[in-house]
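Read off the chains here:
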Amino acid sequence: MIPVLAAIHVRHARGVVRLWAPLFLLWIVLIPIMLVLAFPVALVCLVVGVNPIRAGAAIGGVLFALNGTRVEVESPGASVLIRII
Amino acid sequence: MSDDRKQILQMLAEGKITADEAERLLTALDSEPRALASSGEGRTGARPKYLRVVVDAEDHLHPNGQTRVNVRVPLQLLRAGVRLGALIPVQARDQVNAHMREHGVPFDVSQLKPDNLEELIEHLNELTVDVDQERTKVRVFCE
């Protein structure tokens, strides 16, 4: 499934910031732009010798696979946690 | 309570073993499942879903402080990344290889194929890479 939410937690000396970024809103904005750009990008792919269908599938694969990614860095002074849900 | 544990306590109650011996036996019993899990024998054989990289390092800015990095990457993302990498045009691939060589990483990006990745994942399922240094500990494994 395409990621719908990114949770970002930052803790530092001055406090804690908890941010939940709704990625589905980003997709709603990006999908029409991607549709408009699809044709020129496909042309560029053909010029550089890349199969545009395979390129689209590969990029889609990366987006769909982002779900479940978690990066956590903790140090005595601060910590950052990024989760893609 | 498990049968083994009961048996050890029974032996202690009957005076067949001393308290020290009972403690040692109970400790050994506790560590057995962990040892099996770390050696891979206790795994169920299910396909791993994530690649985990855990780094524990001494913090240079804070004396006696530890920095911990915990990264969990879906293996599906690695597969998708390799598929995307296979689409890099040959000229760009050569440039990437040249730059990596310049930075001391003699790695050929064209050798990164989905089949090789599957093989790597299969092997990572069976083993854990542990790097233990005086101040840093790195652990790479699949879960």
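Residues numbered from 1 in each chain as written. Chains lettered and ligands numbered in written order. Predicted model: local features only at pLDDT ≥ 70, side-chain atom pairs only at ≥ 80, totals over all residues. Heavy atoms only, no water.

Asker: Can you lay out the overall build of chain B for me, pointing to particular residues and giving the numbers?
Answerer: Counting secondary structure elements, chain B contains five helices and four strands. Going from the N terminus to the C terminus, chain B shows its helices and strands as α-α-β-β-α-α-α-β-β. Looking at the 143 residues of chain B, the share that counts as buried comes to 22%. Considering only residue pairs separated by 6 or more positions, chain B has 48% of its internal contacts joining residues 24 or more positions apart. In the structure as shown, chain B presents an accessible area of about 10,200 Å², 54% of it carried by carbon and sulfur atoms. (Helix = DSSP H or I, 4+ residues; strand = E, 2+ residues; numbered from the N terminus. Buried < 20%, exposed > 50% of the residue type's maximum accessible area, 1.4 Å probe, protein only. Contact = heavy atoms within 4.5 Å. Areas by Shrake-Rupley, 256 points an atom, 1.4 Å probe, with all protein chains shown as cover.)

Asker: Can you lay out the confidence of the model for chain B for me, pointing to particular residues and giving the numbers?
Answerer: All names here are of chain B. In the predicted model, chain B carries a mean pLDDT of 78, and 87% of its residues have values of at least 70. Averaged pLDDT values over the elements of chain B bottom out at 65 in helix 2 (residues 19-39) and peak at 92 in strand 2 (residues 66-74). Below pLDDT 50 for its whole length, residues 39-43 participates in nine contacts with residues either more than four positions away or in separate chains. Quick note on the complex model: pTM equals 0.67, ipTM equals 0.82. (pLDDT = per-residue confidence, 0-100.)

Asker: Give a detailed account of helix 5 (residues 114-126) of chain B, specifying residues and quantitative values.
Answerer: All names here are of chain B. Its 13 residues give helix 5 an end-to-end C-alpha distance of 19 Å, which sits within 8% of 18 Å, the value for a rise of 1.5 Å per residue. For helix 5, the set of buried residues is L117, I121 and L124. Looking straight down helix 5, one finds that the buried residues subtend no more than 65° of arc, so they occupy a single side. In helix 5, those exposed residues whose orientation departs by more than 90 degrees from the buried face are D115, E122 and E126. Each element contacted by the buried residues of helix 5 is listed here: strand 1 (50-58), helix 3 (75-85), strand 3 (129-132) and strand 4 (136-142). (Expected span 1.5 Å × (residues − 1). Arc of directions from axis to C-beta.)

Asker: If you had to explain the layout of surface pockets to someone new, which residues and values would you point to?
Answerer: Approximately 380 Å³ is the volume attributed to the largest pocket. Contributing elements (two or more residues each) for the lining of the largest pocket: helix 1 (23-48) and helix 2 (52-65) of chain A. (1 Å grid on protein atoms, 1.4 Å probe; cavity = no way out; pocket = protein on both sides within 12 Å on 5 of 7 lines; lining within 4 Å. Points joined across faces, edges and corners; volume = space filled by probe spheres on them.)

Asker: Quick one: what's the story with a nonpolar patch on the surface, residue by residue and with numbers?
Answerer: There is a patch of nonpolar side chains on the surface, built from V29, I33, L37 and V41 of chain A and spanning about 340 Å² of accessible area. As for its placement among the helices and strands, L37 of chain A is situated in helix 1. (Patch = residues over 30% accessible without salt bridge, like charges linked within 9 Å, V, L, I, M, F, W, Y side chains within 5 Å. Salt bridge = Lys/Arg side-chain N within 4 Å of Asp/Glu carboxyl O.)

Asker: Quick rundown of the side chain of R93 of chain B? Include the residues and the values.
Answerer: Residues and elements named next belong to chain B. Tracing the sequence through the fold places R93 in helix 4 (residues 90-102). Buried charge without a salt bridge: R93, with D108 as the nearest opposite-charge side chain at an N-O distance of 6.8 Å. At a separation of 3.0 Å, a polar atom in the side chain of R93 contacts the main-chain carbonyl oxygen of A86. Discounting residues that sit within four places of it in the chain, R93 has contacts with G85, A86, I88, V109 and S110. (Lys, Arg positive; Asp, Glu negative; His and termini not counted. Polar contact = N/O pair within 3.5 Å; in protein donor to acceptor, adjacent residues only side chain to side chain.)

Asker: Got a sec to walk through the side chain of H9 of chain A? Specific residues and values, please.
Answerer: Counting through the fold element by element, H9 of chain A comes out in strand 1 (residues 5-12). Polar side-chain contacts of H9 of chain A include one of 3.4 Å to the side chain of R18 of chain A.

Asker: So what's going on with the sheet that holds strand 2 of chain B? Which residues, and what values?
Answerer: The sheet built from eight strands is open, its strands ordered 2(A)-1(A)-4(A)-3(A)-2(B)-1(B)-4(B)-3(B) with antiparallel pairing. With partners counted over all chains shown, the strands left at the sheet margins are strand 2 (15-22) of chain A together with strand 3 of chain B, one partner each. Geometrically, the sheet is characterised by an average inter-axis angle of 5° between neighbouring strands, direction not taken into account. Of the strand pairs in this sheet, strand 1 of chain A and strand 4 (residues 79-84) of chain A are connected by six bridges, and their pairing is antiparallel. The residue bridging A7 of chain A from the neighbouring strand is R83 of chain A, located in strand 4 of chain A. Packed onto the sheet, helix 1 of chain A meets strand 1, strand 2 and strand 4 of chain A and runs at close to 40° relative to strand 2 of chain A. (Pairing = 2+ DSSP bridges. Axes fitted to C-alpha atoms, helices over the stretch in contact; angles between N-to-C directions.)

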